[in-house]
Structure formats: structure tokens, C-alpha cells
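Chain and residue survey
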Amino acid sequence: MESPAARKGEVIFALATGAGRAAIAIMRASGPGAQEVLAGLCSGRLPLPRQASLRALRHEGEHLDDAMVLWLPGPRSYTGEDGFELHLHAGPAVIDRVALALTALGARPAEAGEFTRRAVQAGRLDLLQAEAIGDLVEAESESQRQQALAQADGALSRLYEGWSERLKILLAHQEALIDFPDEDLPDSVEQMLANTLDDLRAALRAHLADKRGEIVRRGLTVVIAGAPNVGKSSLLNHLAGYDAAIVTHRAGTTRDVIAIDWLFHGVRLRLVDTAGLRETEDEIEAEGIKRAMFHVEHADLVLHVMAGEAEMPLRPDALLVSNKIDLQPAIEGSLGLSVHTGEGMQAFEAALAERIKGLTAGVGAPLTRARHRAGIEEALLYLDQARNASWPEVRGEALRLAMRALGRLTGQVDVESLLDVIFGQFCIGK
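Residues numbered from 1 in each chain as written. Predicted model: local features only at pLDDT ≥ 70, side-chain atom pairs only at ≥ 80, totals over all residues. Heavy atoms only, no water.

**Digging into the nonpolar core**
If you look at the biggest cluster of nonpolar residues, it comprises 28 residues, and the most contacted ones within it are Leu235, Leu269, Leu271, Leu303, Phe348 and Leu352. Of all the secondary-structure elements, those providing two or more residues to this core are β7 (220-226), α9 (232-240), β8 (258-264), β9 (267-273), β10 (301-306), β11 (319-322) and α11 (345-360). It is α11 that contributes the most residues to this core, five residues altogether. Not counting the four nearest positions on each side in its chain, Leu303 is found in contact with Val222, Val223, Ile224, Ala225, Leu235, Leu319, Phe348 and Leu352. Counting 26 residues, the second-largest nonpolar core is a separate cluster that includes Leu200, Leu204, Leu367 and Leu406. (Core = buried A, V, L, I, M, F, W, Y, C linked by side-chain atoms within 4.5 Å. Buried < 20%, exposed > 50% of the residue type's maximum accessible area, 1.4 Å probe, protein only. Helix = DSSP H or I, 4+ residues; strand = E, 2+ residues; numbered from the N terminus. Contact = heavy atoms within 4.5 Å.)

**So, the sheet that holds strand β6 (residues 108-109)**
Taken together, six strands build an open sheet; the order of strands is β3-β4-β5-β2-β1-β6 and the sheet is mixed. Across the chains shown, the open sheet's two edge strands, defined by having one partner strand only, are β3 (53-59) and β6. Looking at chain direction, strand β2 (residues 24-30) and strand β5 (residues 83-89) are connected through seven bridges and run antiparallel. When the bridges of β5 are listed, Ile24 appears paired with His89. The strands that helix α3 (residues 114-121) touches are β1 (12-15), β2 and β6; relative to β1, the one it contacts most, it runs at about 135°. (Pairing = 2+ DSSP bridges. Axes fitted to C-alpha atoms, helices over the stretch in contact; angles between N-to-C directions.)

**Describing the packing of α9 against α11**
Here α9 crosses α11 at 80°, and the two axes come no closer than 13 Å. Relative to α11, α9 is oriented roughly perpendicular. For the pair α9 and α11, contact is made by Leu235, His238 and Leu239 and by Met345, Phe348 and Glu349, respectively. For the contact of α9 with α11, the per-class residue count stands at four nonpolar, one polar and one charged. (Parallel < 35°, antiparallel > 145°, perpendicular 65-115°, else oblique. Nonpolar A, V, L, I, M, F, W, Y, C, P; charged D, E, K, R; others polar.)

Set out below in C-alpha cells:
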């Protein structure tokens, strides 16, 4: 099968709206020859560019539908190519018949992510912006929407391109040191190289240490943990708003992990209830405790729930919660609440919101994907090599390799090998 890159001269089409009952379905098309395909549907009468117009769609004398039509000539289009949109009535029979007509006129169904792939190949977007478009389509929370929108607008691209520009200046000075070794170049040139390299290395390290983007994109994992019968499952049910976990007075009721998705203050959370932590000879309960400790170790945030007796925090950064304050005082240094009466719940949710804000909010453009992390780690490796190099030629080559690693992130170099992987994850029509 030919790759989309080999077939990019064709007109492609896809349904841009989701499946299911609706009033309107949008069919989009793009590619050289889109004007002829659209003219074939509109009896030769194209609307003015970028102005919606009602048209009767016909093929071989058959009336297919009355649709709102948009003619979008390139290069001022999403893909940079000529394209159009058909706003159809959303009946499946209408959609199928128009698709058959488009095929008969020489267009073909698009592959996953092919519209955005063409936009990248035409220079309308870089790879980081293209990935953000995919994240924007998949966004389930307000924080995910805001982050994806900022990246689609080029926030991360501008950051990486700024680093690349600084590397270009560094490389130019380094080449001067290589090409004119016998010239009396001031010592300040060498010192400037060292200082700028140190600044860049520090910036890349800080970027890698910032996990906000990855956390927001996948959602935060919040684990509820503690001893048996302290009210962990009751707290989960209260936050979820329904009985997601079984609650009894018997210790050890929860033996496996129970997880629910929860939107809280615009952030997507994965809320995890775990088995009560205690010594046990029960093989099944012991396995549940083992799984609980695994989730505690890997959580973004741990809610360590206690009742009556103080315990060592499960993690230094755990949010300590005293439940059942209707029966006994809250433990010092913890948030007191009663899931049963609702006392203290408002203060608890405010504290939880503040913790989540600290894990997700901030300034700058955080990296959002494993691909970004790997690219920055590679660039940092070469910068470290450049800083420690004794020979100017070795330093220059390391700087070039660092620039290349940053260029791969935005798609300035070696882009073709990444396209199938990246756009294969997109939905059809995007």
C-alpha cells in the first residue's frame, strides 16, 4: 500500500463531524483538482472563496442534497491546498451517496491524520503544532483544552526555535574559533560560548524537570490510600457522586484497585481507591495491598486517609486527611473531615484544588509527549558533550547534533520518518 506521502497529489475527502444522529454533517476535501471535483457537484457554479453559499449538489443528473458549500482555495487553507467543505444533511444515506459521488469524480477517502499531515508538508504547521491539533480534538478537560490550544498556537515551537537560534549563534562563534585559530580573537568569545552553553543546559534541564504538560495531557492520577476502615471507599464515592466502591464495616472489603475518571476544577483526574494497608496472611488481600503500594509509588498525588490514630505519611508529599471527625478529633497536621456528615468537605476540596493547581498550573510552554522528552534529552546530551569537549572541532560537531535534535522536534529535519507514527494516531477527517 502506498503511503500518504506518495499519494499527496490526489484529492482526499472525509467526514469531519462525528458519527450519530445530528442535523448537519460536514464533509471536507483537499488536494490539487479540488476545484474540478467541487464544480462537478455544483454544476460548474462555485461559490466565492471563503463565502458560504447554498448549492444543490448533483451527480450524473441525480439530486444528492441541498448543502451549504465553502470553497477554500490554497494556499490560504488548512492544508495549503485547494479544498472545500460540504455542510450536508446528516442522514447516513445522504453522506454515503455524496461520498460515492466524490469517489466517482476522482477523489478518494482520506487516511487517518492525512489533512494535518498535508498541512505539515506544506509548511502550514510544524510537528509540535500538528500534535497539539490531535490533543485539542481529544481534550476532555478545560486544562487539556487550554494547553493544546497554546501549543497549537506555537508556544512550544517558539521555545524550541529560540533555543535553536541561540545554538546557531554559538555555532557561528565556534566556527570562527576553528577557522581562525591563529587570529587574536578575544578571550571573551570563549567565555561567551561557555556561559551560553551553561545557560542553555540549565534551561533544558528545567524544561525536562517540568512534568506539568505530560500530567495535564494524560490526566492526574490521585490515589486514596491508608489503613482499612478509615473511609477511603466512602471518600471515593462522595467525590464521584455515586457508589463506585463497596462500603462495609468489615475491614479488607476493597481488595483490588477501583479507578474512576473525574473532572475537578477543569482538570481530568484518575481517582484510584486501594486496598487497606495492613499486615495480613490472606493471599488475595496481600496481593491487593501490593497493588496499592505500587499505585502509591507512581501516583501524581496521594490522599493518605487516617481515622483516629496518626501514621507516618505514605509519601512526603501526601495530602494527609483525617476522616470521621464526627466521632474523634482530627489528627494534628491533617485535614479533618467527615464523609458521613459532610463536615470539612469544602475545606478538603479547596486544599485538593490547590494541590492540583500546583501540579498543573504555571507559566511557559511545558513539554507534553514522550517524543518531546526524548528529543530534549538527546539535545541536552550533546550540549553536555560540547561543554566538556577539549577540541573545538568536537565541540562544533556536538553543537550541530544538538541543533539537529531540536530540529527533529519541530519537523525541520528528518520529518518523513516520523509522519506515519504521528498521524496514524489521528482520527479520520483531521
